[in-house]
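Chain residues, written in single-letter form:
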Amino acid sequence: KIMKAKGIHANVKTNLVGVDGDAKTATFQIEGGELMRKSFDFLHVTPPMGAPDFVKNSPLANAVGFVDVDKHTCQHTKYPNVYSLGDCSALPTSKTYSAISSQAPAVVHNVIATLEKKPEKATATYDGYTACPILLGKSKLMLAEFNGYSMDATPTFWPVNQHKGWW
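Read on for an overview of the structure.

Quick notes on the rules
Residues numbered from 1 in each chain as written. Predicted model: local features only at pLDDT ≥ 70, side-chain atom pairs only at ≥ 80, totals over all residues. Heavy atoms only, no water. Helix = DSSP H or I, 4+ residues; strand = E, 2+ residues; numbered from the N terminus. Contact = heavy atoms within 4.5 Å. Areas by Shrake-Rupley, 256 points an atom, 1.4 Å probe, with all protein chains shown as cover. Lys, Arg positive; Asp, Glu negative; His and termini not counted. Charge placed at Lys NZ, Arg CZ, Asp CG, Glu CD. Phe/Tyr/Trp six-rings, centres within 6.5 Å; stacked < 30°, edge-to-face > 60°. Buried < 20%, exposed > 50% of the residue type's maximum accessible area, 1.4 Å probe, protein only. Pairing = 2+ DSSP bridges. Axes fitted to C-alpha atoms, helices over the stretch in contact; angles between N-to-C directions. Patch = residues over 30% accessible without salt bridge, like charges linked within 9 Å, V, L, I, M, F, W, Y side chains within 5 Å. Salt bridge = Lys/Arg side-chain N within 4 Å of Asp/Glu carboxyl O.

A word on the overall build of the chain
Next, step 1: From N to C terminus, the chain includes three helices and five strands.
Next, step 2: For the chain, the succession of helices and strands along the chain, N to C, is α-β-β-β-α-α-β-β.
Next, step 3: Along the first, second and third principal axes, the C-alpha atoms of the chain reach 60 × 45 × 20 Å.
Next, step 4: Taking as baseline every contact in the chain between residues at least 6 positions apart, the subset at least 24 positions apart corresponds to 26%.
Next, step 5: As presented, the chain carries roughly 11,400 Å² of accessible surface, and 57% of it is formed by carbon and sulfur atoms.
Next, step 6: Averaging the coordinates of the 17 positive side-chain charges in the chain and doing the same for the 14 negative ones gives two points 6 Å apart.

Observations concerning the packing of aromatic side chains
Next, step 1: All told, the structure shown has one aromatic pair when counted by the stated rule.
Next, step 2: Ring centres of Tyr126 and Tyr149 lie 5.8 Å apart, and the angle between their planes is 80°; on these two criteria the pair is classed as edge-to-face. Taken as a pair, Tyr126 in the loop between helix H3 (97-115) and strand E4 (129-137) and Tyr149 in the segment after strand E5 (140-147) lie far apart in primary sequence, 23 residues in all.
Next, step 3: Relative accessible area serves as the criterion here: at 1%, Tyr126 is assigned to the buried category.

Some details on the sheet that holds strand E1 (residues 14-20)
Next, step 1: The strand order across the open sheet formed by three strands is E1-E2-E3, and the pairing between neighbours is antiparallel. Each having just a single partner strand, E1 and strand E3 (35-39) make up the two edges of the open sheet. Recorded for the sheet is a direction-independent mean angle of 25° between the axes of neighbouring strands.
Next, step 2: Note that strand E2 (residues 25-30) and E3 share five bridges and pair antiparallel. Paired with Thr25 across the bridge in E3 is Ser39.

A word on the side chain of Thr73
Next, step 1: By secondary structure assignment, the location of Thr73 is in the loop between helix H2 (53-56) and H3.
Next, step 2: Relative accessible area serves as the criterion here: at 17%, Thr73 is assigned to the buried category.
Next, step 3: Those residues in contact with Thr73 that lie beyond four places of it in its chain are Tyr83, Asn110 and Ala124.

So, a nonpolar patch on the surface
Next, step 1: Side chains of Leu16, Val19 and Val45 sit close together on the surface and give an oily, nonpolar patch of about 220 Å² of accessible area.
Next, step 2: Mapped onto the fold, Val19 is located in strand E1.

Points about the pairing of E1
Next, step 1: Alignment of E1 against E2, held across six bridges, turns out to be antiparallel. Within E2, the position partnered with Thr14 by the bridge is Ile30.
Next, step 2: Hairpin geometry of E1 and E2 is characterised by an intervening segment of four residues between the two adjacent antiparallel strands and by a positive phi of about 50° at Lys24.

Looking at the environment of Lys24
Next, step 1: Counting through the fold element by element, Lys24 comes out in the loop between E1 and E2.
Next, step 2: Sequence-wise, Lys24 and Ser39 are 15 residues apart; in three dimensions their C-alpha atoms are separated by 5.6 Å.

Below is the structure:
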């Protein structure tokens with residue numbers, strides 16, 4: 001709602017392939033290969049994410065090179081003694097600090113259960129929580145908290161209502 005009110009449009013599933021700083025123009029490649037040029041006053045992009053080659057080229061990786069894990073338990077889909085979280089995992093959510101800090105408690109619990117030879121106790125789950133800061137203007141920032149699986153807002157800063165902007 002805040003982005004719409006400010007006339008901001010998010011261009012997702014694009015890769016930045018060029019920036020002309022003097023002309024304030026960015027060139028993106030859209031899925032499928034088409035190029036799109038956008039003028040900008042402020043440019044915020046996230047670089048392509050990927051696991052290191054030693055992971056991509058291992059039996060742990062899925063077809064796109066991430067460690068192939070269950071999205072709830074973070075346990076590998078073929079190797080029950082392997083867990084992955086963060087940037088190298090195939091979890092279908094943002095690769096952010098907030099995501100990994102929510103994944104870590106589930107992974108720690110489940111790894112301990114696995115090491116103790118009690119796989120039936122490896123029941124902790126990650127729910128898809130993630131967050132990213134969004135610049136709203138001079139000295140104004142909002143933490144967009146959401147479920148990376150459902151894209152539903154999941155604000156945690158009670159009593160502040162993050163469903164509406166505070167600026």
